[in-house]
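Fold and contact review
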Amino acid sequence: MRRPYRFAVIGCGFFAQNHLNAWADMPEVELVATCDIDQTCTEAAAATFGGKAYTDAALLLKEQELDFVDIVTTPPTHRMMVELAAEAGVAAICQKPLAWDMNDAKAMVSAMDSRGLPFMVHENFRFQYPMRRVKQVVDSGAIGRPFFARISFRSDFDVYANQPWCKDAERMIIADVSVHQFDLTRFFLGEPTRLFTEAIRVNPEIRGEDAATILLKLPDATCIVDTSYESRSDHSTYPQTFVTIEGTEGTVTLGPDYHLQVVSPTGVTEEDLVIPAHDWASQPWDCIQDSVVNVQRHWIECLDTGRTPETSGADTLHVLDLTLGAYESLETGEPYIVGSRL
Ligand SMILES: NC(=O)c1ccc[n+]([C@@H]2O[C@H](COP(=O)([O-])OP(=O)(O)OC[C@H]3O[C@@H](n4cnc5c(N)ncnc54)[C@H](O)[C@@H]3O)[C@@H](O)[C@H]2O)c1
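This section reports on the structure supplied with the text. (Residues numbered from 1 in each chain as written. Predicted model: local features only at pLDDT ≥ 70, side-chain atom pairs only at ≥ 80, totals over all residues. Heavy atoms only, no water.)

1. A word on the overall build of the protein
The helix and strand inventory of the protein stands at 10 helices and 15 strands. A globule of 342 residues ought to have a C-alpha radius of gyration of about 20 Å, and the protein, at 20 Å, matches this closely. Its C-alpha atoms give the protein principal-axis dimensions of about 60 × 45 × 40 Å. Burial status across the protein gives 55% buried among its 342 residues. Restricting to contacts in the protein with at least 6 residues of sequence separation, those with at least 24 account for 67%. (Helix = DSSP H or I, 4+ residues; strand = E, 2+ residues; numbered from the N terminus. Rg over C-alpha atoms; globule rule 2.2 N^0.38 Å. Buried < 20%, exposed > 50% of the residue type's maximum accessible area, 1.4 Å probe, protein only. Contact = heavy atoms within 4.5 Å.)

Pasting the structure below:
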């Protein structure tokens, strides 16, 4: 593979616009094609960002010589797209959640691994600038050994306007948001060993759960992951994630509006983090949009160096195990022993 890496974006809907804008700023890549079953979407993307517009991913992979595909369709088509890429000998990034089912996810990882193809999941929350800063604090030892964390995502933002599929999804906020929080738990603290879930539906017009709390046990720590799309507050903080990590020597807190506080034996530091700006980004999405840029830069660095992506397909099986385990716990009313599906 040589720069500029030739690639295609498959799925040109709501979130793909962030991918397309972020790629457009990167000279390391060349957009060769776009693809969406909705002809208007693929043609609009190609007209704005370049490349040939396709409505059939198989045809695209047959006709074009690519280095990788960026899959931004919704989960039911992820396995099919990854397997098409594998058969064509093309590396892939795939949006989260990787799959609804562990068998599908394992099949995707195996299809790519058996051909030695780089495979990354677009798990972007750990690539948010504020999360990288929290991680730096934890890794610096400033708060000592972490023993408690809370990772919280709550708002009453109307997510259904941009993501109508969330209304009909039988499994909703845990699959949509907690999946990211589980990855953050692992990023900050390591692998959980056990979890327990409580969740409810507050909005009567949707099918799945829209408020969930998951308690995770780690070897030396406890973590609470909580999320809701029905939480009113004095001002909207969507789509911010709040983090508190308590350690044996201090506490790091990422609060509303990206306020970072570190309490350590050397004192208290406070900082209002400034999210890196991009001319295509817009409020309130700027932090998420910047994280898309960071994911894509990480992918290019991995292609350049041969390094395994932080959120490789194989690594993401752990996140899926936590996500499916959270639903199993909800259904059984019992704790889930993490790793049972791996
Ligand atoms: N990481 C994040 O912060 C974040 C945020 C939002 C969405 N997402 C993820 O991004 C993915 C896409 O979500 P979205 O909200 O953009 O959905 P969307 O429905 O707006 O876009 C998906 C697009 O895929 C197209 N598509 C479906 N089947 C196809 C096929 N067989 N071939 C080609 N195109 C096909 C659809 O026509 C649609 O345009 C999901 O996996 C979602 O979880 C991630």
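Having seen it, we continue.
2. A look at the packing of helix α8 (residues 173–189) against helix α10 (residues 313–332)
Contact geometry for α8 and α10: axes closest at 9 Å, N-to-C directions at 130°. Taken together, α8 and α10 sit at an angle that is classed as oblique. For α8 against α10, the interelement crossing comes out right-handed. Packed against α8, whose contacting residues are Ile173, Ile174, Ala175, Val179, Phe182, Asp183 and Arg186, the element α10 presents Asp315, His318, Val319, Leu322, Thr323, Ala326 and Tyr327 at the interface. Split into classes, the residues belonging to the contact of α8 with α10 amount to 9 nonpolar, 2 polar and 3 charged. (Axes fitted to C-alpha atoms, helices over the stretch in contact; angles between N-to-C directions. Parallel < 35°, antiparallel > 145°, perpendicular 65-115°, else oblique. Left-handed = near helix turned anticlockwise from the far one by under 90°. Nonpolar A, V, L, I, M, F, W, Y, C, P; charged D, E, K, R; others polar.)

3. Observations regarding α8
Over its 17 residues, α8 extends 22 Å from the first C-alpha to the last, a length consistent with the 24 Å expected when each residue adds 1.5 Å. At valine 179, α8 shows its maximal kink, close to 35°. Across the 17 residues that make up α8, a large majority, 16, are buried. (Expected span 1.5 Å × (residues − 1). Bend = angle between axes of the 7 residues up to and from the residue.)

4. Some points on the side chain of serine 152
Considering the arrangement of structural elements, one finds serine 152 in strand β7 (residues 146–154). Taking relative accessible area as the criterion, serine 152 reaches 5% and is therefore assigned buried. Here serine 152 is in contact with Gln181, Asp226, Gln240, Thr241 and Phe242, once residues within four sequence places are set aside.

5. A word on the side chain of arginine 133
Note that arginine 133 resides in helix α6 (residues 129–140). Look at arginine 133 and you get buried, because its relative accessible area is 17%.

6. A short note on the site of the ligand
As a structural note, the neighbourhood of the ligand is formed by 21 residues, with Phe14, Phe15, Asp36, Lys96 and Asn124 the closest of them. The backbone of phenylalanine 15 places a nitrogen or oxygen atom 2.8 Å from an oxygen atom of the ligand. Isoleucine 37 is positioned with one of its backbone polar atoms (N or O) 3.3 Å from a nitrogen atom of the ligand. A majority-of-atoms criterion places the ligand in the largest pocket. Broken down by element, the shell around the ligand gets its largest block of residues, 3 residues, from helix α4 (residues 78–87). Among the residues forming the shell around the ligand, the class breakdown is 9 nonpolar, 10 polar and 2 charged. Both domain 1 (5–117) and domain 2 (126–279 + 319–337) contribute no fewer than three residues apiece to the shell around the ligand. (Near = heavy atom within 4 Å. Polar contact = N/O pair within 3.5 Å; in protein donor to acceptor, adjacent residues only side chain to side chain. 1 Å grid on protein atoms, 1.4 Å probe; cavity = no way out; pocket = protein on both sides within 12 Å on 5 of 7 lines; lining within 4 Å. Sits in = over half its atoms within 2 Å of the grid points. Domains from an automatic or database assignment.)

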